[in-house]
There are 2 protein chains.
Amino acid sequence: MKERSTSVRAADPLSSWAEGPAKSAIVQFVQSVTEKGGKDYVPPEERIATFDNDGTLWVEYPLYTQFLFAFDRVKELVPKHPEWKTKQPFKALLEGDMKSVGASGLKGLLEIALTAHAGVTATEYAEEAGKWLRTTRHEKFKRPYVECIYQPQLELLAYLRAHEFKTFIVSGGGMAFMRPITEEVYGLPPWQVVGSSVVSEFQIKDGKADLVRSEKISFFDDKAAKPVGIYDHIGRRPILAFGNSDGDMQMIEYTTGAEGRRLGLFLHHTDGVREFAYDRKSYVGTLDKALGQAEAKGWIIVDMKNDWKRVFAFEGME
Amino acid sequence: MKERSTSVRAADPLSSWAEGPAKSAIVQFVQSVTEKGGKDYVPPEERIATFDNDGTLWVEYPLYTQFLFAFDRVKELVPKHPEWKTKQPFKALLEGDMKSVGASGLKGLLEIALTAHAGVTATEYAEEAGKWLRTTRHEKFKRPYVECIYQPQLELLAYLRAHEFKTFIVSGGGMAFMRPITEEVYGLPPWQVVGSSVVSEFQIKDGKADLVRSEKISFFDDKAAKPVGIYDHIGRRPILAFGNSDGDMQMIEYTTGAEGRRLGLFLHHTDGVREFAYDRKSYVGTLDKALGQAEAKGWIIVDMKNDWKRVFAFEGME
């Protein structure tokens, strides 16, 4: 273990990060909080780092992955739910009218996502989500979603852990959707994955005990709810937080709004060639207010195009 | 690390446990799920063990510790809240009429506990709870609450971790109340402590960001809610669960109600001399239904008087 981390360090643990202000800010921050006797030293048990998932660790464009999972489920289940053929926004979805689906807004999208898996057990849901993420391909990258993960962020997670940080996801996405693959893909066991959840009910059926998922949200982990999710699930304030949208702003404010050295970062999607370019006016991953306040607040804007030498592990492998 | 665990094993890692059926069941279970190539083998990442806290890891008698913490807070705050002097159940509490406080039931006790710390920040609450638990003494044992912890359970937690289990608390008590001391006392970081919570709100005041706690419960982690808490916070089904009351029954059913080798245990408070003797008719830690079903379900009843050679670390030190 020790030997490996030494050899990784020799080879630059952040090799997909270009030299520049973002990489420097990260490396300097980690050095300062881990330097024993230094004025910014933070003991290992308090080295908490939180990462948003959609658009920060994995691709979220042109639409949050979890909605695409729900769309496929609705199409699969329609023989059992003929009422969907005449009910919006299901009707539009089944007719392939994505413009109307989009026009139904977050409310419509959530209705589809929540309805699609209502009544499913926790065990079945985990199996389905894991299988879908391993086998369904992103329309632009033609790779399974489990590969549409940002390589520089995997390096950053490993770099932080090598410096005794505890790393967590704090996402607006469903915990149960992400968890079947987070250990394999990010090295994060399910209890280090915080996100949205639905009301579920304990049930024993034919001697088998399980949770049954309902169509009601119990926690929507976005914006001002992200610090709440951190408080309830992690119980310790992060010293580093990384997001990519205005939905992550309160998480970053919670992280940086306390004494001691802190680091807040936003990934700015500026690379329309290797990935996608979007920010202030985008429907997914809107980055507007945070972009405006970053300089005054000392938050680091990571420019995908210039700060990342490589976006995906599969780049150049085609 | 390796050397230490070997020397601990040589000295019996469960030295406060008397030889008998409970200890044998634990040791055999751990051997069977950790034996590589064995039919009951469970990989380390799935070795999840959950423990109730009140009455399972620490003393809960004659009243759940968290209520005593709230009582002290109410007495301290009454100059700022003269209305409590005439409002039940606060009036009874302030007059020392504990019989009437008890008669107000769980509803009355919760009202006191929730009101006592409403409007307090997460940071202040953690400081107060930690200080209170370190300095307030139990009326029978004359020791601070952080010492009124069952020594055999500390050994069991360490034994499980030495066998690559991940250990968690899943308590009806408030997460925020326990977390300030769980790392020091049980070796459990806050994200491995699941419990009840209140609605909290993110707030930035004078440039400082924090959560502010309300008087509204957001999650009451008892009975059928315990499997829900496990699903939402841990995200993986335990293979071992340890409780002491009917409030833990669904957690044990969730644990044992699936394929593979599983172990469910209940601590039976049978020792009126070293601790307290209570079960079916007790107001705190009622153990009735589970006691009746244990044999048929294969759950292990741990008899405090006979199965534990020592209850507290301080025993014999007076």
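Remember, predicted model here, so these are calculated numbers, not experimental data.

Draft legend 1. Structural context of the overall build of chain A. When you go through chain A residue by residue, the secondary structure sums to 13 helices and seven strands. Scaling as 2.2 N^0.38, a compact globule of 318 residues should have a C-alpha radius of gyration of about 20 Å, and chain A matches this with 20 Å. Residues counted as buried form 55% of the 318 residues belonging to chain A. Looking at chain A alone, contacts between residues at least 24 apart form 66% of all its contacts between residues at least 6 apart. Just so you have it, chain A exposes about 14,000 Å², and 52% of that area is on carbon and sulfur atoms. Each charge class in chain A was averaged separately, 42 positive and 45 negative side chains, and the resulting centres sit 1 Å apart.

Draft legend 2. Representation of the relation of the copies chain A and chain B within the structure. Once chain A is rotated about the relating axis by 180° and shifted along it by 0.0 Å, it coincides with chain B to within an RMSD of 0.0 Å. The superposition of one copy onto the other is thereby described by a two-fold rotation axis. Taking C-alpha positions as the reference, the residue of chain A nearest the rotation axis is A:His233, at 3.2 Å. A share of 100% of interface residues in chain A that are also interface residues in chain B marks the association as one of identical surfaces.

Draft legend 3. Helix α7 (residues 122–135) of chain B, seen in detail. Its 14 residues give α7(B) an end-to-end C-alpha distance of 20 Å, which sits within 8% of 20 Å, the value for a rise of 1.5 Å per residue. Every buried residue of α7(B) is listed here: B:Ala122, B:Tyr125, B:Ala129, B:Gly130, B:Trp132 and B:Leu133. One side of α7(B) holds all its buried residues, which, seen down the axis, span an arc of 165°. α7(B) presents B:Glu127, B:Lys131 and B:Thr135 as exposed residues on the side facing more than 90 degrees away from its buried surface. The secondary structure elements touched by the buried residues of α7(B) are α10 (225–234) of chain A together with α3 (65–77), α9 (175–186) and β4 (208–219) of chain B.

Draft legend 4. Broad picture of the confidence of the model for chain A. All names here are of chain A. For chain A, per-residue confidence averages 95 on the pLDDT scale, and 96% of positions sit at 70 or higher. Per-element averaging of pLDDT across chain A places helix α1 (residues 2–10) at the bottom with 50 and strand β1 (residues 48–51) at the top with 99. When the criterion is pLDDT under 50, residues 1–9 qualifies, and its contacts beyond four places in sequence or with other chains add up to one contact. Our summary of model confidence lists the complex with pTM equal to 0.95 and ipTM equal to 0.95.

Draft legend 5. Molecular detail of the pattern of salt bridges. Taken as a whole, this structure holds 35 salt bridges over all chains when the rule is applied. Where B:Lys226 meets B:Asp52, a salt bridge forms, and the shortest distance between an N and an O atom there is 3.0 Å. Here B:Asp52 lies in the loop between β1 (48–51) and α3 and B:Lys226 lies in helix α10 (residues 225–234), a separation of 174 residues in the sequence. Comparing B:Lys226 with B:Asp52 shows no difference in burial state: the two are buried. Residues joined in a network through salt bridges with shared partners are A:Asp12, A:Glu19 and A:Lys23.

Draft legend 6. Local environment of the sheet that holds strand β4 (residues 208–219) of chain A. Residues and elements named next belong to chain A. With mixed pairing, the seven strands of this open sheet are ordered in space as β4-β3-β2-β1-β5-β6-β7. Of all strands in the sheet, those bounded by a partner on one side alone are β4 and β7 (300–303). Neighbour to neighbour, the strand axes of the sheet diverge by 35° on average, direction disregarded. Alignment of strand β6 (residues 263–268) against β7, held across four bridges, turns out to be parallel. Residue Phe 266 lies in a different strand from β7, and its bridge partner there is Ile 301.

Draft legend 7. A look at the packing of aromatic side chains. By the definition in use, this model includes 42 aromatic pairs over all chains. Ring centres of A:Trp84 and A:Phe90 lie 5.1 Å apart, and the angle between their planes is 10°; on these two criteria the pair is classed as stacked. We note that A:Trp84, like A:Phe90, is buried. With 6.1 Å between their ring centres and 90° between their planes, A:Phe202 and B:Tyr254 make a pair best called edge-to-face. With A:Phe202 in strand β3 (residues 193–205) and B:Tyr254 in helix α11 (residues 249–256), this pair bridges two chains. The pair A:Phe202 / B:Tyr254 is uniform in exposure class, with both members buried.

Draft legend 8. Here's a closer look at unusual backbone geometry. Of note, the bond from A:Tyr61 into A:Pro62 is cis; its omega dihedral lies within 30 degrees of zero at 5°. The step from A:Gln88 to A:Pro89 runs through a cis peptide bond, and the omega angle for that step is 0°. Among the secondary structure elements, A:Pro89 is positioned in the loop between α3 (65–77) and α4 (90–94). Positive phi is not limited to glycine here, since A:Asp12 has a value of about 70°. The phi dihedral of B:Lys223 falls on the positive side, at around 50°, and the residue is not glycine.

Draft legend 9. Geometry of the environment of A:Glu201. Residue and element names in this part refer to chain A. Mapping Glu 201 onto the fold places it in strand β3. Each C-alpha atom of the pair Glu 201 and Thr 121 lies 9.3 Å from the other, and the pair is 80 residues apart in sequence. Leave out the neighbours within four places in its chain, and Glu 201 touches Asp 210, Leu 211 and Val 212.

Reading the values: the criteria
- Residues numbered from 1 in each chain as written.
- Chains lettered and ligands numbered in written order.
- Predicted model: local features only at pLDDT ≥ 70, side-chain atom pairs only at ≥ 80, totals over all residues.
- Heavy atoms only, no water.
- Helix = DSSP H or I, 4+ residues; strand = E, 2+ residues; numbered from the N terminus.
- Rg over C-alpha atoms; globule rule 2.2 N^0.38 Å.
- Buried < 20%, exposed > 50% of the residue type's maximum accessible area, 1.4 Å probe, protein only.
- Contact = heavy atoms within 4.5 Å.
- Areas by Shrake-Rupley, 256 points an atom, 1.4 Å probe, with all protein chains shown as cover.
- Lys, Arg positive; Asp, Glu negative; His and termini not counted.
- Charge placed at Lys NZ, Arg CZ, Asp CG, Glu CD.
- Least-squares fit on C-alpha atoms with pLDDT ≥ 70 in both.
- Expected span 1.5 Å × (residues − 1).
- Arc of directions from axis to C-beta.
- pLDDT = per-residue confidence, 0-100.
- Salt bridge = Lys/Arg side-chain N within 4 Å of Asp/Glu carboxyl O.
- Pairing = 2+ DSSP bridges.
- Axes fitted to C-alpha atoms, helices over the stretch in contact; angles between N-to-C directions.
- Phe/Tyr/Trp six-rings, centres within 6.5 Å; stacked < 30°, edge-to-face > 60°.

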